[in-house]
Amino acid sequence: MEAPENDAVAFESAEKIILRWDSTVSEEAREKMIFDGDRYEINRYLHAVDEIQRSMESTTLSDDQDKANSAIQIAMARLEDEFRSILVAHTNAIEADSLTDPSPSPVHSGEFQVPEEDYHDTPTDDDSFTKELEHQESSSSSYRSTSSIREVDLMPPVAIYDLRSIAERMISAGYLRECIQVYGSVRKSAVESSFRKLGIEKLSIGDIQRLDWETLETKIRRWIRAAKVCVRILFASEKKLCEQIFESLGTATDDACFMETIKGPAIQLFNFAEAISISRRSPEKLFKILDLHDALSDLLPDVEIVFESKSSESIRVQAVEILSRLGEAARGILSEFENAVLREPSKVPVPGGTIHPLTRYVMNYISLISDYKKTMGELIVSQPSTGSRYSSDPNTPDMDFADLEGPTPLALHLIWIIVILQFNLEGKSKHYRDTSLAHLFMMNNVHYIVHKTKGSPELGEMIVDDFLRKLTGKFRQAATSYQRATWVRVLHCLRDEGLHVSGSFSSGVSKSALRERFKTFNALFEEVHRTQSTWLIPDTQLREELRISIAEKLIPAYRSFVGRFRSHIESGRHPENYIKYTVEDLENAVLDFFEGYAVSQHLRRRSQ
């Protein structure tokens, strides 16, 4: 054991070093930082602090406890300043390539997807960072990833060594709280700087919910990219730095410093997703909510790792609850969308019997839902509550899902949406005064439903064949009903009944009845041609098929009728007033049908 006089000498020497660097009394101490100098001076000061602490524990210096306490307070104030100085000196902006998540991101296509924004509207003074984000977004394809956490070194080893040396002495002297506060304030500022680079704004839940949807869509896309970077890189790297400096220096000190640094930013980050999850539901929000759900679901394992400690449990719980609410919101939106399709109130007929905007909207919508079939399939586990049995409500279609074999609960919801869309369209068809046009309208729209379903690999896979066959039968039945409503009267003019004087074929033909028959045919055909040339069948193949079907019935009947009775008309006066059209004229006229514009000039000239 050292003699007491030796202890006193060591104490006085240490005290002298401590007082030399007392910035409250020394100009030199105020202008210079110890840890900016050489290692010898740094080590001298640290050893002096150790000696003061040892002296405080020694019974031989009990008479100098006041001096020791004063010296240690001066030393701790100095070390706190040095600690802050090192932190600030090495708290640089994270490089652009460190703020990009190595895992890929989602790309969905469809009419409801808004084009990606120009990232130059993100506040940043680092163009390379912006370009890197753009590159990352353009080359991404899926959320799922492995080994997604990527820690980066936030400080050089020598700075970490010095910080740990200071922290060890501050904690030993009972200055843990001061150490944590200094560390947290400086590193939190660094995290907030990275947030600004990532375009994460300080918005309350109320602020977010007051934004218009177009603005929110942009912010959601940015949040998805930023959240992955924050959890997998930024927060993970901050946790690593805390462990490098504070691990084993006290009970959960590293975790306390980590939470002091990132708790506020983490809450700020997740508050955005929480605001979306509890916002007012509307159909256009579904796909961005699903994007958020996918992103957060993919991030959850990383959240569990980064925030594994007891003190960070609230962040883990918040992430899980937000994920649950996003799923609930998606289910609610789908249910509300079903009801909106059923109740869509527009009554003005679309011109020309073409495809109704509602049909396009709904089919594009459910096609996009099918692109999210994995996520939606996990969220939708029960069949639609409406339409599961035959209904006595005349405002609701009948549907018995027991008739369908094999579809998933999500597929049943999509089938139900198609059923109620068709039900709504049937109601809209009744607003056409022309029965033929009503049938053409239904043919166009049901055909579009079938075509859109088969044209989407994901949707076509989900909708069972039996249901598709029924739909195909419906638009073909509508085509048949159109032909009957339109052409039965026209073709009726080309029958022989009523033209013979005595009722027998060989008894002679009534020329007056024959002339009247030709006049009626001409008038009816001209009227059909005039109106139905303005009707529209958008699908080229369907339009051609219906024209061929019309021609196969009309042209042979006309050719035969004219062939049988031409001589009776031509033997009289002004035959051109009755046989106005050749077979070729009718063949050409049929080509005018369903083009959506006025009658062609060649038939007009012939009729004048």
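Residues numbered from 1 in each chain as written. Predicted model: local features only at pLDDT ≥ 70, side-chain atom pairs only at ≥ 80, totals over all residues. Heavy atoms only, no water.

## As for the overall build of the protein
Along the backbone of the protein there are 22 helices and zero strands. Taking all 608 residues of the protein together, the buried fraction comes to 50%. A sequence separation of at least 24 residues applies to 81% of the contacts in the protein between residues at least 6 apart. If you sum the accessible surface of the protein, you get close to 28600 Å²; carbon and sulfur atoms cover 50% of it. (Helix = DSSP H or I, 4+ residues; strand = E, 2+ residues; numbered from the N terminus. Buried < 20%, exposed > 50% of the residue type's maximum accessible area, 1.4 Å probe, protein only. Contact = heavy atoms within 4.5 Å. Areas by Shrake-Rupley, 256 points an atom, 1.4 Å probe, with all protein chains shown as cover.)

## Details of unusual backbone geometry
Negative phi values dominate among residues other than glycine, just as trans dominates among peptide bonds. The residue Ser248 is not glycine, and still its phi comes out positive at about 75°. Looking at where Ser248 falls in the secondary structure, it is placed in the loop between α9 (213-246) and α10 (253-277). A relative accessible area of 69% places Ser248 in the exposed class. Its identity is not glycine, yet Phe594 carries a phi of approximately 65°, on the positive side. Looking at where Phe594 falls in the secondary structure, it is placed in the loop between α21 (583-590) and α22 (601-607). Among the residues examined, Phe594 registers a relative accessible area of 0% and is labelled buried.

## What about the nonpolar core?
In this structure, Phe83, Phe235, Phe270, Ile366, Ile369, Met376 and Leu554 are the most contacted members of the largest nonpolar core, which totals 181 residues. Element by element, the count of residues in this core is highest for α9, at 18 residues. If near-sequence neighbours (up to four positions away) are discounted, Met376 is found in contact with Leu286, Leu290, Ala330, Leu334, Ile369 and Leu410. (Core = buried A, V, L, I, M, F, W, Y, C linked by side-chain atoms within 4.5 Å.)

## What about the environment of Val528?
Its place among the elements puts Val528 in helix α19 (residues 511-532). Each C-alpha atom of the pair Val528 and Trp487 lies 8.8 Å from the other, and the pair is 41 residues apart in sequence. Beyond its immediate sequence surroundings of up to four residues, Val528 is in contact with Thr486, Trp487, Val490, Ser533 and Phe593.

## Here we look at the packing of aromatic side chains
Following the criterion strictly, the structure yields 21 aromatic pairs and no others. The interplanar angle of 40° and the centroid separation of 6.3 Å between the aromatic rings of Phe195 and Phe235 together place this pair among those described as tilted. Highlighted residues: Phe195 in helix α7 (residues 176-198) and Phe235 in helix α9, separated in sequence by 40 residues. For Phe195, a relative accessible area of 2% puts it in the buried group. Classification of Phe235 by relative accessible area gives buried; the value is 0%. These aromatic residues form a ring-pair network of at least three members: Tyr482, Trp487, Phe521, Phe525, Tyr558, Phe593 and Phe594. (Phe/Tyr/Trp six-rings, centres within 6.5 Å; stacked < 30°, edge-to-face > 60°.)

## Re the packing of α7 against α10
Across the interface, α7 lies against α10 with an axial gap of 9 Å and an inter-helix angle of 35°. α10 is crossed by α7, and the crossing has right-handed handedness. Residues Leu176, Arg177, Ile180, Gln181, Tyr183, Gly184, Arg187, Lys188, Val191 and Phe195 of α7 form the contact with α10, whose participating residues are Thr253, Ala256, Cys257, Glu260, Thr261, Ile262, Pro265, Gln268 and Leu269. Of the residues in the contact of α7 with α10, the class split is 10 nonpolar, five polar and four charged. (Axes fitted to C-alpha atoms, helices over the stretch in contact; angles between N-to-C directions. Left-handed = near helix turned anticlockwise from the far one by under 90°. Nonpolar A, V, L, I, M, F, W, Y, C, P; charged D, E, K, R; others polar.)

## Observations concerning the side chain of His356
With respect to the helices, strands and loops of the structure, His356 is situated in the loop between α12 (313-343) and α13 (357-371). Residue His356 is classed as buried on the basis of its relative accessible area, which comes to 7%. Dropping the residues within four chain positions of it, His356 is found in contact with Ser346, Val350, Leu425, Lys428, Phe441 and Asn445.

## Here's the deal with the pattern of salt bridges
For the structure shown, the criterion picks out 36 salt bridges. Notably, a salt bridge pairs Arg169 with Asp50, separated by 2.9 Å at the nearest N-O pair. Of this pair, Arg169 sits in helix α6 (residues 157-172) while Asp50 sits in helix α3 (residues 39-57), placing them 119 residues apart in sequence. A salt bridge links Arg54 to Glu51; the shortest N-O distance between them is 2.4 Å. With Arg54 and Glu51 both in helix α3 and three residues apart, this pair spans about one turn of that helix. A relative accessible area of 37% means that Arg54 is categorised as partly exposed. On the basis of relative accessible area, Glu51 is assigned to the buried category, the value being 16%. A single salt-bridge network, built from bridges that share partners, covers Arg543, Glu544, Arg547 and Glu595. (Salt bridge = Lys/Arg side-chain N within 4 Å of Asp/Glu carboxyl O.)

## Topic: α10
Look at α10: 34 Å from first C-alpha to last across 25 residues, which is about the 36 Å you get at 1.5 Å a residue. For α10, the principal kink sits at Ile262 and spans about 45°; a proline, Pro265, occurs within the next four residues. Burial runs high along α10: 20 of the 25 residues are buried. (Expected span 1.5 Å × (residues − 1). Bend = angle between axes of the 7 residues up to and from the residue.)

## Concerning the environment of Val362
Note on placement: Val362 falls in helix α13. Each C-alpha atom of the pair Val362 and Leu421 lies 7.7 Å from the other, and the pair is 59 residues apart in sequence. Residues within four places of Val362 in sequence aside, it is in contact with Phe337, Val341, Ile417 and Leu421.

## Considering α6
Along its 16 residues, α6 runs 22 Å from first to last C-alpha, staying within 8% of the 22 Å computed at 1.5 Å per residue. On its buried face, α6 is in contact with α3, α4 (65-89), α7, α9 and α10.

## Notes on the confidence of the model for the protein
Averaged over the protein, the pLDDT score is 85; the fraction of residues at 70 or greater is 84%. The model gives residues 109-146 a pLDDT under 50, and that stretch makes 84 contacts with residues more than four places away or in other chains. (pLDDT = per-residue confidence, 0-100.)

## Some thoughts on the environment of Ser456
Checked against the element boundaries, Ser456 lands in the loop between α16 (435-455) and α17 (457-462). Judged by relative accessible area, which is 7%, Ser456 ranks as buried. Note: C-alpha distance between Ser456 and Asp371 (85 residues apart in sequence) is 9.1 Å. Not counting residues up to four positions away in its chain, the partners in contact with Ser456 are Ser367 and Ser370.

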